[in-house]
Amino acid sequence: MLLIKANDYWDKYRIKKRRKAEINKFKDPKRIKIYSKITLSSEQEKEIDDIYINNYGEKIPYTWHKHFTAFTGEFDKYYFPELLFIPELEKYFNNNSHYAKTFEDKNVLSLLASSADIIMPKTIYSCIGGIIQDNNHNIVSSNPISELNGEFFIKPTIDSCSGVGCQVLKLSNGVDNVTGKSVLDIVADKGLNWVIQERVKCHSSIAKIYPNSVNTFRIMTYIWKDKIQHVPIIMRIGQGGANVDNAHAGGMFIAVDDNGSLHEKAFTEFKKEFKKHPDTGLIYSGYKIDLVPKVIEAAEKCHSLIPQIGCINWDFTINDEGNPVLIEANIQGGSVWLFQMAHGKGIFGDLTPEILRWMRHMKNISNDQRSYYRCGNNFEK
């Protein structure tokens, strides 16, 4: 009983701490400059209050509604604030953190994907807890790595985000032509958990937008009452010679309809707007990637294999043969700002009130009771 009470106390402390972190993000002058230009009407403020007070049980700051509105100019009472996503909703969806840690590991994810016949970039060598393996999972020494030739991609496999630690390798006899470092020195810098993969060649419809990075679709799937659903999707695009497409790393993002049609404008994290790509000149409006429905299907198929996890942010691209390629899965510390800023609408749409009522229920029960109600199970409207 004491342990249960201690867990509940820690849970409330964690929520409070993470909420504070989300609030502090919006003390950034660059964000203040964006949302301070938006004034909500008294009717809009009342709509927000009605949704959140009546369903979640608390009034929320208008900051996130103003910030999301600032990008497309579209107000939506159903905008879902980051204030509640990582601190609470993601926690309730993914209540067992052990599963989350395991499936987020990129070296574990490849095994999962192969069982679903979902392609991932081909692994050349991987390192798991300091143990190096080849692509057949045979344990090897570092000697063959020192002789690699060709173009590869290396990245950490755990505790990574926003492209940090990711690097293109252009190797000649184990030496990177760009940095002049040996590949052994490079892997030593990556720690004990990393993977070297073949670099993905994107489908022509994606490479045409920007060829220097593997431009990815971010698809958030979630399980709600025994059904896998997805929120409005976005595509992340590199620029300026960068090899990564992450928004935190200077990339841009654009709303994509389920049929593959791009919206008119792409944005950066701090609201630079682009109607065409600054490097290639490709105009976004009217451009369509016909294979996007296959990507959505692949994401939902992957999620069906791990129902232990309720909410997952997937990164996919499409290879030069037209097949979806899974790049990674983000299970802890995911974000919902990208989708809402790009689309100008809330991620859960008409489901928002019901999900907020469920969150209110989850918030007011002990941590050990939450598994029974996970993902809306056994919860009435």
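Refer to the structure above for everything that follows.
This section reports on the structure supplied with the text. (Residues numbered from 1 in each chain as written. Predicted model: local features only at pLDDT ≥ 70, side-chain atom pairs only at ≥ 80, totals over all residues. Heavy atoms only, no water.)

As a further point, take the overall build of the protein. In terms of regular secondary structure, the protein is built from twelve helices and 14 strands. What you see for the protein is a C-alpha radius of gyration of 22 Å, in line with the 21 Å of a compact globule of 381 residues. Within the protein, buried positions represent 52% of all 381 residues. Of the contacts formed within the protein by residues at least 6 apart in sequence, a portion of 65% connects residues at least 24 apart. When the 48 positive and 45 negative side-chain charges of the protein are each reduced to one mean point, those points stand 5 Å apart. (Helix = DSSP H or I, 4+ residues; strand = E, 2+ residues; numbered from the N terminus. Rg over C-alpha atoms; globule rule 2.2 N^0.38 Å. Buried < 20%, exposed > 50% of the residue type's maximum accessible area, 1.4 Å probe, protein only. Contact = heavy atoms within 4.5 Å. Lys, Arg positive; Asp, Glu negative; His and termini not counted. Charge placed at Lys NZ, Arg CZ, Asp CG, Glu CD.)

Our focus in this paragraph is the sheet that holds strand β5 (residues 175-176). In space, the six strands of this open sheet follow the order β2-β1-β6-β3-β4-β5, with antiparallel pairing throughout. In this open sheet, the two edge strands, each paired with only one partner strand, are β2 (131-134) and β5. One ladder, built from five bridges, connects strand β3 (residues 150-156) with strand β4 (residues 167-172); its direction is antiparallel. Paired with glycine 150 across the bridge in β4 is leucine 171. Running over the sheet, helix α7 (residues 106-115) touches β1 (123-128), β3 and β6 (194-198) and is turned about 130 degrees from β1. (Pairing = 2+ DSSP bridges. Axes fitted to C-alpha atoms, helices over the stretch in contact; angles between N-to-C directions.)

Here we take up the environment of methionine 341. Of note, methionine 341 is situated in helix α11 (residues 337-343). Between the C-alpha atoms of methionine 341 and lysine 271, which are 70 residues apart in sequence, the distance is 9.3 Å.

Right, let's get into a nonpolar patch on the surface. Where nonpolar side chains cluster on the molecular surface, the patch consists of Tyr9, Trp10 and Tyr13 and spans about 420 Å² of accessible area. Here tryptophan 10 lies in helix α1 (residues 2-25). Residue classification places tryptophan 10 among the exposed positions, given a relative accessible area of 52%. (Patch = residues over 30% accessible without salt bridge, like charges linked within 9 Å, V, L, I, M, F, W, Y side chains within 5 Å. Areas by Shrake-Rupley, 256 points an atom, 1.4 Å probe, with all protein chains shown as cover. Salt bridge = Lys/Arg side-chain N within 4 Å of Asp/Glu carboxyl O.)

This next bit is on unusual backbone geometry. Here asparagine 173, not a glycine, exhibits a phi torsion of approximately 55 degrees, which is positive. Among the secondary structure elements, asparagine 173 is positioned in the loop between β4 and β5. The exposure class assigned to asparagine 173 is exposed, which follows from its relative accessible area of 60%. In this structure, cysteine 375 is a non-glycine residue whose phi angle is positive, near 60 degrees. When you line up the elements, cysteine 375 lands in the segment after α12 (352-363).

Our next topic: the packing of helix α3 (residues 42-56) against α12. Close contact between α3 and α12 brings their axes to 8 Å; oriented N to C, the two are set at 40 degrees. Looking at the two axes, α3 sits oblique to α12. Here α3 runs over α12; the crossing is right-handed. Contacts between α3 and α12 involve Ile51, Tyr52, Ile53, Asn54, Asn55 and Tyr56 from the first element and Pro353, Leu356, Arg357, Met359, Arg360 and Lys363 from the second. (Parallel < 35°, antiparallel > 145°, perpendicular 65-115°, else oblique. Left-handed = near helix turned anticlockwise from the far one by under 90°.)

Here strand β10 (residues 252-256) runs beside strand β11 (residues 262-267); their pairing, made up of three bridges, is antiparallel. What sits directly across from phenylalanine 253, in β11, is phenylalanine 267. As consecutive antiparallel partners, β10 and β11 are separated by five residues, and within that stretch glycine 260 has a phi angle of approximately 100 degrees, a positive value. Summarising the sheet, β11 and strand β12 (residues 273-274) pair through two bridges and their orientation is antiparallel. Residue pairing across strands places phenylalanine 267 opposite glutamate 273, the latter belonging to β12. What sits between the antiparallel neighbours β11 and β12 is a turn of five residues, in which lysine 271 has the positive phi angle 75 degrees.

This part takes up the nonpolar core. Phe80, Phe348, Trp358 and Met359 are the most contacted members of the largest nonpolar core, which has 53 residues in total. Contributions of two or more residues to this core are made by α2 (29-35), α3, α4 (63-72), α5 (82-93), β7 (216-223), β10, α11 and α12. Filtering out sequence-adjacent residues up to four positions away, tryptophan 358 remains in contact with Leu89, Tyr92, Phe93, Trp224, Tyr373, Arg374, Cys375, Gly376 and Phe379. If you look at the next biggest cluster of nonpolar residues, it comprises 46 residues, including Val200, Ile209, Phe217 and Ile233. (Core = buried A, V, L, I, M, F, W, Y, C linked by side-chain atoms within 4.5 Å.)

Take the state of the cysteines next. Summed over all chains, the structure comprises zero disulfides. The cysteine cysteine 202 is free of any disulfide, with cysteine 166 supplying the nearest cysteine sulfur at 14 Å. According to the relative accessible area criterion, cysteine 202 is buried, its value standing at 15%. (Disulfide = S-S within 2.5 Å.)

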